[in-house]
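Each chain, letter by letter, is given below.
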Amino acid sequence: MPKRVKVAALASAGALAAVTTFVGSASAGGPSTAPYDCVDARGRAFPAKVTYFTGGGQLKVTISAPAIPAGFPANSINTTAIFNGPSGGVVYDGAINPPYPGGAPVFNLGAIPKVSGTIGVGQPLADVISGPPPSPSNWSLRVLFPGWPGWYCVARAPLSPTLLYS
């Protein structure tokens, strides 16, 4: 086999190994998805699909839900997510987001810092499933927008696959 072919074959194998390693490590911290029931502060109910990723003690959240016509600047949407961990509640909270252009049906939020709870790398985080309806006093995911009604959401089913803290 010519030297160039060997080098190309080794480079391809190395790239495949790197991709396989990345995919394997990414699954440990997500993506994990669950359906949520939500209500806004005006009382309008809607379903949402929520996807979580963890890494470095932080949480990234992607919410597929009805679009909001208003736009929001970077770091202005406050997100609070509550999970059950092996040692009790784990809470993430912060106003970290890219700019939201208005009209998009997907919200990307985070990386949001963990603000309370004890959990170790590789331990499971479970979404908090409480009875409907969601409200300002019954939620496990809260999204507060500047100058727009906030969202209060409860999970309808466990995260799939299990979200592991990383």
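Residues numbered from 1 in each chain as written. Predicted model: local features only at pLDDT ≥ 70, side-chain atom pairs only at ≥ 80, totals over all residues. Heavy atoms only, no water.

A.B. asks: Please clarify how the environment of I129 should be interpreted in this entry.
C.D. replies: Mapping I129 onto the fold places it in the loop between β7 (124–127) and β8 (141–145). In this structure I129 comes out as partly exposed when scored by relative accessible area, which is 45%. For the pair I129 and R156, spaced 27 residues apart in sequence, the C-alpha to C-alpha distance is 6.3 Å. Once residues within four sequence positions are removed from consideration, I129 is found in contact with A155, A157 and P158. (Helix = DSSP H or I, 4+ residues; strand = E, 2+ residues; numbered from the N terminus. Buried < 20%, exposed > 50% of the residue type's maximum accessible area, 1.4 Å probe, protein only. Contact = heavy atoms within 4.5 Å.)

A.B. asks: It is not clear to me how the nonpolar core should be interpreted in this structure. Could you clarify?
C.D. replies: Side chains of a nonpolar character, in soluble globular proteins, are inclined to be buried together. Residues Y36, Y52, I63, F83, L141 and W151 are the most contacted members of the largest nonpolar core, which totals 33 residues. Counting only elements with at least two residues in this core, the list comes to β1 (32–40), β2 (45–55), β3 (58–64), β4 (78–85), β5 (88–94), β6 (106–116), β8 and β9 (148–155). (Core = buried A, V, L, I, M, F, W, Y, C linked by side-chain atoms within 4.5 Å.)

A.B. asks: In this structure, what is going on with the state of the cysteines? I would like to understand it.
C.D. replies: Between two cysteines, a covalent bond joining their sulfur atoms is known as a disulfide. Counted under the stated rule, the structure contains 1 disulfide. A disulfide bridge connects C38 with C153, and the sulfur atoms are separated by 2.2 Å. Negative torsions about the S-S bond denote left-handed disulfides, and the value of about 110° found for C38 with C153 makes this one right-handed. Note that C38 is positioned in strand β1 and C153 in strand β9, a separation of 115 residues in sequence. (Disulfide = S-S within 2.5 Å.)

A.B. asks: Please explain the packing of aromatic side chains as it appears in this structure.
C.D. replies: Think of a pair of aromatic rings as described by two things: how far the centres are apart, and how the planes are tilted against each other in angle. This model, assessed by the stated rule, comprises 10 aromatic pairs. With a centroid separation of 5.0 Å and 65° between ring planes, the pair formed by F46 and W151 is classed as edge-to-face. Pair noted here: F46 is in strand β2 and W151 is in strand β9, with a separation of 105 residues, a long-range link. Comparing F46 with W151 shows no difference in burial state: the two are buried. When the ring of F145 is compared with that of W151, the centres are 5.0 Å apart and the planes differ by 75°; the resulting orientation is edge-to-face. Overall, F145 belongs to the buried group, its relative accessible area being 7%. (Phe/Tyr/Trp six-rings, centres within 6.5 Å; stacked < 30°, edge-to-face > 60°.)

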